[in-house]
Amino acid sequence: MNSMKISSASVPATMKNYGKEPVKEPKMEEIQTPSQPEEKSIWEMMQEAREKAEAMRERFKLPNTTRYGDAPLEAYARLARARTRSDVNAAAGYAWRRMSQLKAALRQDPENAERIRAAIGQLQKAVTRANKKRRDLDREKLIKMRQARAAYQKQHRKAQQLKLELQRRQSMRVIREHGYMREAEIDNRLQDQLALTRMELQTQMQQLSASTAASIAQYGGSAMQTDSTASAAAPAAAVSIEA
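Along every chain, residues carry numbers that run from 1 in the direction the sequence is written. For this predicted model, a pLDDT threshold of at least 70 governs which residues receive local features, and a threshold of 80 or more governs which side-chain atom pairs are given and counted, while totals over whole chains, interfaces and linings are taken from all residues. Note that the side-chain values use all heavy atoms of the structure and ignore hydrogens as well as water.

Observations concerning the overall build of the protein
Part 1 of the reasoning: Each helix is a run of DSSP H or I of at least 4 residues and each strand a run of E of at least 2, with the numbering of both proceeding from the N terminus. A count of helical and extended segments in the protein gives seven helices and zero strands.
Part 2 of the reasoning: Ordered by position in the sequence, the α and β elements of the protein form the string α-α-α-α-α-α-α.
Part 3 of the reasoning: With a 1.4 Å probe rolled over the protein chains alone, any residue whose accessible area is under 20% of its type maximum counts as buried; one over 50% counts as exposed, and the rest are partly exposed. Here the protein, with 243 residues, has 27% of them falling under the buried criterion.
Part 4 of the reasoning: Within the protein, counting contacts between residues at least 6 apart in sequence, those at least 24 apart form 76% of the total.
Part 5 of the reasoning: Split by element, the accessible area of the protein, about 17,700 Å² in all, is 56% carbon and sulfur. Here a residue-residue contact requires only that any non-hydrogen atoms of the pair lie within 4.5 Å. Only the protein chains shown count as cover for residues, with accessible areas throughout obtained via the Shrake-Rupley method and a probe of 1.4 Å.

What about the pattern of salt bridges?
Part 1 of the reasoning: The rule for a salt bridge is simple: a side-chain nitrogen of Lys or Arg has to be within 4 Å of a carboxyl oxygen of Asp or Glu. Using the criterion set out here, one finds 16 salt bridges in the structure.
Part 2 of the reasoning: A salt bridge links Asp192 to Arg67; the shortest N-O distance between them is 3.2 Å. Linking Asp192 in helix α7 (residues 156-238) with Arg67 in the loop between α3 (35-61) and α4 (70-81), this pair joins segments that are 125 residues apart in sequence.
Part 3 of the reasoning: The closest approach of N and O atoms between Arg85 and Asp138, which form a salt bridge, is 2.8 Å. Within this pair, whereas Arg85 is found in helix α5 (residues 85-108), its partner Asp138 is found in helix α6 (residues 113-152), the two being separated by 53 residues in sequence.

Considering the side chain of Asp136
Part 1 of the reasoning: Tracing the chain through its elements places Asp136 in helix α6.
Part 2 of the reasoning: In contact with Asp136, other than residues within four places in its own chain, are Arg173 and Arg176.

Quick notes on the packing of aromatic side chains
Part 1 of the reasoning: Each Phe, Tyr or Trp ring, with Trp reduced to its six-membered ring, pairs with another whose centre is within 6.5 Å; inter-plane angles below 30 degrees give stacked pairs, above 60 give edge-to-face pairs, and intermediate values give tilted ones. Scanning the model with the defined rule gives one aromatic pair in all.
Part 2 of the reasoning: Plain terms: the ring middles of Tyr76 and Tyr180 are 5.9 Å apart, the flat faces sit at 40° to each other, and that makes the pair tilted. In this pair, Tyr76 is assigned in helix α4 and Tyr180 in helix α7, connecting sequence segments 104 residues apart. Comparing Tyr76 with Tyr180 shows no difference in burial state: the two are buried.
Part 3 of the reasoning: Think of it as a cone above the ring: NZ of Lys or CZ of Arg counts as a charge over the ring if it is within 6 Å of the ring centre and within 35 degrees of the ring normal. Between the NZ or CZ atom of Arg78 and the centre of the ring of Tyr94, over which it lies, the distance is 4.1 Å.

Section: the confidence of the model for the protein
Part 1 of the reasoning: Per-residue confidence from the prediction method is given by pLDDT, with values spanning 0 to 100. Summarising the model, the protein shows a mean pLDDT of 75, and 62% of its residues fall at 70 or more.
Part 2 of the reasoning: Scored below 50 in pLDDT, residues 28-39 shows eleven contacts in the model against residues more than four places distant or in partner chains.

Re the environment of Ala75
Part 1 of the reasoning: Inspection of the secondary structure assignment puts Ala75 in helix α4.
Part 2 of the reasoning: Along the sequence, Ala75 and Ala90 sit 15 residues apart, while their C-alpha atoms lie 9.7 Å from each other.
Part 3 of the reasoning: Excluding residues that lie within four positions of it along the chain, Ala75 makes contacts with Ala91, Tyr94, Ala95, Leu123 and Ala126.

Focus on the packing of α4 against α6
Part 1 of the reasoning: Only the contacting stretch of a helix is used when fitting its axis, a line to C-alpha atoms as for every element, and angles between N-to-C directions run 0 to 180 degrees. For the pair α4 and α6, the least separation of the axes is 9 Å and the interaxial angle reads 10°. Accordingly, the angle class assigned to the pair α4 and α6 is roughly parallel. From α4, Ala71, Pro72, Ala75, Tyr76, Leu79 and Ala80 reach across to α6, where they touch Ala119, Gln122, Leu123, Lys125, Ala126, Arg129, Ala130 and Lys133.
Part 2 of the reasoning: Taken together, the residues of the contact of α4 with α6 break down into ten nonpolar, one polar and three charged. Should an angle fall under 35 degrees it is taken as roughly parallel, and over 145 as roughly antiparallel, whereas 65 to 115 is taken as roughly perpendicular and any remaining angle as oblique. Residue polarity is assigned by list, with Asp, Glu, Lys and Arg as charged and Ala, Val, Leu, Ile, Met, Phe, Trp, Tyr, Cys and Pro as nonpolar; anything else, Gly included, falls into the polar class.

Some thoughts on the packing of α4 against α5
The axes of two packed helices give the description: the angle between them and the distance between them.
Part 1 of the reasoning: The interhelical angle for the contact between α4 and α5, taken along N-to-C directions, is 170°, at an axis separation of 8 Å. The pairing of α4 with α5 is recorded here as roughly antiparallel in orientation. Mapping the contact onto sequence places Ala71, Glu74, Ala75, Arg78 and Leu79 in α4 and Val88, Ala91, Tyr94, Ala95, Arg97 and Arg98 in α5.
Part 2 of the reasoning: Classifying every residue of the contact of α4 with α5 gives seven nonpolar, no polar and four charged.

A look at the nonpolar core
Part 1 of the reasoning: Note on terminology: a nonpolar core comprises buried Ala, Val, Leu, Ile, Met, Phe, Trp, Tyr and Cys residues joined through side-chain atoms within 4.5 Å. In this structure, Tyr76, Leu102 and Leu123 are the most contacted members of the largest nonpolar core, which totals 27 residues.
Part 2 of the reasoning: Breaking this core down by element, the ones donating at least two residues are α4, α5, α6 and α7.
Part 3 of the reasoning: Excluding residues that lie within four positions of it along the chain, Tyr76 makes contacts with Gln122, Lys125, Ala126, Arg129, Tyr180, Met181 and Ala184.
Part 4 of the reasoning: Grouped together as the second largest cluster of nonpolar side chains are five residues, Ile143, Ala150, Leu162 and Leu166 included.

A short note on α5
Part 1 of the reasoning: Any helix carries an expected span of 1.5 Å times its number of residues minus one. Between its first and last C-alpha atoms α5 spans 35 Å; for 24 residues at 1.5 Å apiece the expected length is 34 Å, and the two agree.
Part 2 of the reasoning: Those residues of α5 that fall on the buried side of the exposure criterion are Val88, Ala91, Ala92, Tyr94, Ala95, Met99, Leu102 and Ala105.
Part 3 of the reasoning: On its buried face, α5 is in contact with α4 and α6.

With respect to α4
Part 1 of the reasoning: The terminal C-alpha atoms of α4, which comprises twelve residues, lie 17 Å apart, in line with the 16 Å expected from a rise of 1.5 Å per residue.
Part 2 of the reasoning: Along α4, the residues that are buried comprise Ala71, Pro72, Leu73, Ala75, Tyr76, Ala77 and Leu79.

See below:
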C-alpha cells in the first residue's frame, strides 16, 4: 500500500512535466560565475597599479628628465663670471626670468612641487647676492680710484695698502661666490635624494594597497564559494522519502 501511495503521488508530477525539457539543476560552475568578473577586474586594477608604479620609478631614474635644480646653478655661474654692474644685472635678470618660469611650472607639475620650491628659493638668494655683488664692485671701483690718486701723488705706502685691501676684497668675493655654487650643488643633490625617497614611499604604498585588494578579493571569493556550496546542498538535505 505504501508503494502504491508513492507511485500514485509521483504520477501527476511526471505527467505535468511530460513533453517538456527536464529541469536541470544549477551546477557549481554556474553558481560561482558572478564572482569571476569581480575577481578579474580587481586583478586588472592590481596590474595597472604595478605598471604605473614601475613607469613612475623609471621616469625618476632617467637622467634626461626636467632638472629644476639646474636653474640656480646657471644663475650662480653667471653671477660668478660677472665683472661689471651690467654683467651682474644680466645675471639677476636671468634669475628673475627663471623664477617666473618655475612658478608657472609649480602649477603644471605638482608632483615635483618640493623640488621646484627649493629651486625658487635658491634663485631668490641669487638675486639678493647679486645686489650684494653690485655694492662690492662699487667699493672695489672706489678703492681703485683712491689707489690711482695715491700713486699719482707719490704716496707709495698708501697706494700699496689700498692695493692689498683691493686684493683681499676680491679674494674674499671669489671665495664667497664659489661657496654659493657649492651650496646650490649640495641643495640640488639633496632634492634628488628626497625625490627618490618620496617615489619609493609612494611605490611601497601602491604595492601595499594592491596586496590588500588581492587579499580582500581572495577572501570574498572563498566566502562566496562557501555560500554557494551551502545553498546547493540545502535542497538535497530537504528531500525525504516516505517509508
